[in-house]
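Architecture and fold: a report
Chain by chain, the residues:
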Amino acid sequence: MKFKFWGVRGSIPSPGPRTVRFGGNTTCIEVRTDAGELLILDAGTGIFQLAQSLPKSGVNAHIFISHSHWDHIHGLPFFTPLFFPGNRVRLHGGTDARTGSGIREVMQVQLQYAFFPVLESEMAAAIEYEPLRTGQRFQVNDACVRNVQMNHPVLNLGYRIDCQGKSLFFTGDHEPFYNLQAPGSPAWSKLEHENAARMAEILDCMRGVDALIVDCTYTEEEYQRDKLQWGHGTFDSAFAMAHAAGAKTLFCTHHEPTRSDEELCQAFDEACARNLPGMPGLQAVLAYEGLEVTL
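The sections below set out a description of the structure shown in this document. This structure is a prediction, so every number in the text was calculated from the model and none was measured. (Residues numbered from 1 in each chain as written. Predicted model: local features only at pLDDT ≥ 70, side-chain atom pairs only at ≥ 80, totals over all residues. Heavy atoms only, no water.)

1. Regarding the packing of aromatic side chains
- Scanning the entire structure with this criterion turns up seven aromatic pairs.
- Consider the rings of Phe-3 and Phe-5, whose centres lie 5.7 Å apart with planes at 80°: the pair is edge-to-face. The exposure classification of Phe-3 matches that of Phe-5, with both residues buried.
- Ring plane angle 85° and centroid distance 5.1 Å describe the contact between Phe-78 and Phe-116, whose orientation is recorded as edge-to-face. Linking Phe-78 in the loop between β4 (60-64) and β5 (88-94) with Phe-116 in the loop between α2 (103-110) and β6 (126-132), this pair joins segments that are 38 residues apart in sequence.
- Taking relative accessible area as the criterion, Phe-78 reaches 43% and is therefore assigned partly exposed.
- On the accessibility criterion, Phe-116 (9% relative accessible area) is buried.
- Pairwise contacts between aromatic rings join Phe-3, Phe-5 and Phe-251 into one cluster. (Phe/Tyr/Trp six-rings, centres within 6.5 Å; stacked < 30°, edge-to-face > 60°. Buried < 20%, exposed > 50% of the residue type's maximum accessible area, 1.4 Å probe, protein only. Helix = DSSP H or I, 4+ residues; strand = E, 2+ residues; numbered from the N terminus.)

Listed below in structure tokens is the structure:
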């Protein structure tokens, strides 16, 4: 199994001279199984460049959407295999229990003439929808995909892919669990228990993966200052999660859009210096567009 980053920025595309080295496209990761199946994690603007690398016909793609925020889906209508006959695109995603909206509803909102000039009915590919239950396992030929709910303002599924003894986990967007109740109160104790149970479920799903791909939007200082409840993680929380899960390699992604390449390297290097000495065996990589990894 191998995977390739086509988009590594978070929140909004950030092209320009300050982001040339790591890239300015939003989240999209291509995964190829040993049998050659194409799995795509999220459909940010990076999916447009991925599409340019594919043939016009004969494409069979499974797109797994972590959640419906724009930076993870706004490249989807520009996935060019959707426009050619003979292609098959299956869209997988969770269903929000509060709204009842799932991946089909997300696509239907995008493909309105008010937002995009082509309706779904005008696309030539065979498009199928696969609403996923939390915790559901889904088989794609030689790969098994399962999910777990992460911590984000909307339903966000983290995905684990296992193939021929190799594995990766992608968080989508994830914020460390927090407790804003009054310390020592019954409400505080209840939430502590709930947070611990959810974190244990997440760690169980990512346990021992070869590659752990994590939302590392903020530095710890930024997060503590004014980013609590924004739905994103830090470099330090990602290192802690990787260590707790026994992951082999941590890939830091979803880079803060205002951070230049130089600033990004500095934040990553400082986090490595703080964390890696106490985490023997863990490797850390700062993801960039075009990075391809074979497991």
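Having put the structure on the table, let's press on.
2. What about the side chain of Asp-261?
- Locating Asp-261 in the fold gives a position in helix α6 (residues 261-275).
- A polar atom in the side chain of Asp-261 sits 3.1 Å from the backbone nitrogen of Val-20.
- A polar contact is formed between the side chain of Asp-261 and the backbone nitrogen of Phe-22, at a distance of 3.3 Å.
- When sequence neighbours within four positions are dropped, the list of residues in contact with Asp-261 reads Arg-9, Arg-18, Thr-19, Val-20, Arg-21 and Phe-22. (Polar contact = N/O pair within 3.5 Å; in protein donor to acceptor, adjacent residues only side chain to side chain. Contact = heavy atoms within 4.5 Å.)

3. A closer look at the pairing of β4
- Burial within β4 is extensive, with four of its five residues counted as buried.
- What joins strand β3 (residues 38-41) to β4 is helix α1 (residues 46-52), and the crossover it makes is right-handed.
- Bridging between β4 and β5 involves five bridges; their strand directions are parallel. Among the inter-strand pairings, His-62 is bridged to a residue of β5, identified as Arg-90. (Right-handed = clockwise from strand over helix to strand, strands pointing away. Pairing = 2+ DSSP bridges.)

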